[in-house]
Amino acid sequence: MPGKTRFAPSPTGYLHEGHLLSALFVWAAATKWDLSVHLRIEDHDQERSRSEHIAAIREDLQWLGFKWQSESLQSDHFDRFEKSLKNLEAQNLVYPCYCSRKELEEQNPKNEFGEIIYQGKCKGGSLPLVRTASLSTPSSGGSPRNAPHSLRIKIPDKVINWHDLRLGDFAENPKLQCGDFPIRDRIGQWTYQFAVCVDDIEEGITHVIRGEDIRNSTARQIALMELMGRTEPPKYLHHPLIVDTAGKKLSKREKAHSIRQDREAGVTPQELLGRVLFKAGLASTQAPADLDTALDIVCRNL
Ligand code: GLU
């Protein structure tokens with residue numbers, strides 16, 4: 001059966017050079033392992049996602065010459081997410097967490113990435129009588145069980161052994177890395193961890209190619225997918241990142257220079273591809289490269 005990979009940007013800003021590098025790795029992997037490419041626009045965070053960014057993602061990718069075989073928008077999947085939540089609830093794997101951000105910060109230790117390791121304060125509580133409606137902030141009055149809450153998954157205390165196609169073997173215990181993590185947040189939005197697991201299963205993704213900045217999510221996603229019934233996880237490859245001059249990864253929030261800005265300034269796709277290959281250490285000069293050449297170069301580095 002042919003495999004399938006995905007490119008999964010969040011439309012919370014315009015694509016930048018970091019995304020372009022990610023896209024090159026996704027499409028190079030597709031060439032190397034004969035995979036189809038699915039474009040999944042991850043707009044699960046409805047507060048930060050913008051329709052102009054959704055349109056720009058497609059346009060910028062097309063301008064660069066990327067082609068994909070299928071496409072989805074995560075906000076079309078909310079029924080699918082609700083169904084998956086119900087299945088987990090039926091197995092008694094979900095509980096509400098009423099801790100405020102301040103309590104979470106003060107009452108839990110942190111891991112090496114600065115994320116809290118939730119110690120399970122609210123575990124054992126029963127599910128609320130009234131569900132937090134999606135995207136509305138519930139009133140904090142009335143029964144404490146109806147107060148604002150996130151939903152956390154009971155993650156098993158076990159080591160997940162997984163293999164990265166570039167970085168090798170990992171043995172990580174999500175319970176010790178982050179503890180029971182939220183699958184829906186306090187304002188009723190589906191979390192990245194939950195949405196990505198449901199969609200990687202439902203969309204039949206066999207290869208997940210993404211940046212090293214998300215590598216620490218992989219063990220917890222494999223653990224969550226197991227609870228959802230997928231025992232054979234996708235194959236994973238985490239690629240190196242482009243860093244800015246201060247050595248920090250590029251981020252839309254920090255207003256990294258966008259592909260859109262380059263296009264408007266008259267930069268060609270070939271110039272941009274050459275620059276990204278150079279910044280990623282995959283080429284020794286910034287010489288312009290067409291997409292096929294760029295994919296060949298990345299392929300050789302997979
Ligand atoms: N939506 C995530 C991002 O834009 C990528 C998620 C993934 O590839 O798993 O960083």
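Residues numbered from 1 in each chain as written. Predicted model: local features only at pLDDT ≥ 70, side-chain atom pairs only at ≥ 80, totals over all residues. Heavy atoms only, no water.

Asker: How would you sum up the packing of helix α1 (residues 17–33) against helix α9 (residues 269–279)? Please name residues and give values.
Answerer: Where α1 meets α9, the axes come as close as 10 Å, and the angle between the chain directions of the two elements is 85°. Taken together, the axes of α1 and α9 are roughly perpendicular relative to one another. Of the residues in α9, those touching α1 at Glu 17, Leu 20, Leu 21 and Leu 24 are Leu 272, Leu 273, Arg 275, Val 276, Leu 277 and Lys 279. Considered class by class, the residues forming the contact of α1 with α9 number seven nonpolar, no polar and three charged. (Axes fitted to C-alpha atoms, helices over the stretch in contact; angles between N-to-C directions. Helix = DSSP H or I, 4+ residues; strand = E, 2+ residues; numbered from the N terminus. Parallel < 35°, antiparallel > 145°, perpendicular 65-115°, else oblique. Contact = heavy atoms within 4.5 Å. Nonpolar A, V, L, I, M, F, W, Y, C, P; charged D, E, K, R; others polar.)

Asker: Mind laying out unusual backbone geometry, listing which residues take part and the relevant values?
Answerer: At Asp 34, a residue that is not glycine, the phi angle is positive and equals roughly 55°. As for its position among the elements, Asp 34 is in the loop between α1 and β2 (35–41). You will see that Asn 92, though not glycine, has its phi angle at about 60°, which is positive. Inspection of the secondary structure assignment puts Asn 92 in the loop between α3 (78–90) and β4 (94–97). Here Asn 92 falls in the exposed class, since its relative accessible area comes to 53%. (Buried < 20%, exposed > 50% of the residue type's maximum accessible area, 1.4 Å probe, protein only.)

Asker: Tell me about the nonpolar core, and please be specific about residues and values.
Answerer: The nonpolar side chains of soluble globular proteins are, as a tendency, buried together. The biggest cluster of nonpolar side chains holds 40 residues, and the ones touching the most others in it are Leu 20, Leu 24, Phe 25, Trp 27, Leu 61, Phe 66 and Leu 277. Of all elements in the fold, only α1, β2, α2 (51–64), α9 and α10 (291–300) reach the threshold of two or more residues within this core. It is α1 that provides the largest number of residues to this core, a total of 10 residues. The residues touching Trp 27, leaving out its near neighbours within four places in the chain, are Phe 7, Val 37, Phe 66, Lys 67, Trp 68 and Leu 295. Residues Ile 160, Trp 190, Ala 195 and Ala 219 belong to the second largest nonpolar core, which totals 29 residues. (Core = buried A, V, L, I, M, F, W, Y, C linked by side-chain atoms within 4.5 Å.)

Asker: How would you explain the confidence of the model for the protein if you had to name every residue and give the values?
Answerer: Scored by pLDDT, the protein has a mean of 91; 88% of the residues are at 70 or more. For the stretch residues 132–143, pLDDT sits under 50, and the model shows 24 contacts to residues farther than four places along the chain or on other chains. (pLDDT = per-residue confidence, 0-100.)

Asker: Please give an account of the site of the ligand that cites residues and values.
Answerer: Residues in contact with the ligand, as listed here, are Arg 6, Ala 8, Pro 9, Ser 10, Glu 42, Tyr 192, Val 196, Arg 210 and Ile 214. Take Arg 6: an N or O atom from its side chain is 2.8 Å from an oxygen atom of the ligand. Glu 42 places a polar side-chain atom, nitrogen or oxygen, 2.6 Å from a nitrogen atom of the ligand. Coverage of the ligand by the protein chains reaches 80% of its 300 Å² of free accessible surface. Taken together, the residues of the shell around the ligand sort by class into five nonpolar, one polar and three charged. (Near = heavy atom within 4 Å. Polar contact = N/O pair within 3.5 Å; in protein donor to acceptor, adjacent residues only side chain to side chain. Areas by Shrake-Rupley, 256 points an atom, 1.4 Å probe, with all protein chains shown as cover.)

Asker: Report on the packing of aromatic side chains, specifying residues and quantitative values.
Answerer: Applying the stated criterion across every chain, the model contains eight aromatic pairs. Taking 4.6 Å as the distance between ring centres and 15° as the angle between the ring planes, the aromatic pair formed by Trp 162 and Phe 170 counts as stacked. Exposure class is identical for Trp 162 and Phe 170. Each is buried. Seen in terms of ring centroids, Trp 162 and Tyr 236 are 6.0 Å apart; in terms of plane orientation they differ by 70°. Their pairing is edge-to-face. One end of the pair, Trp 162, is in strand β6 (residues 160–164); the other, Tyr 236, is in strand β10 (residues 235–239), with 74 residues separating them in the sequence. Relative accessible area serves as the criterion here: at 6%, Trp 162 is assigned to the buried category. Note on Tyr 236: relative accessible area 1%, which makes it buried. Here a set of aromatic residues connected by ring pairs shows up, and it is made of Phe 78, Phe 81, Trp 190 and Phe 194. (Phe/Tyr/Trp six-rings, centres within 6.5 Å; stacked < 30°, edge-to-face > 60°.)

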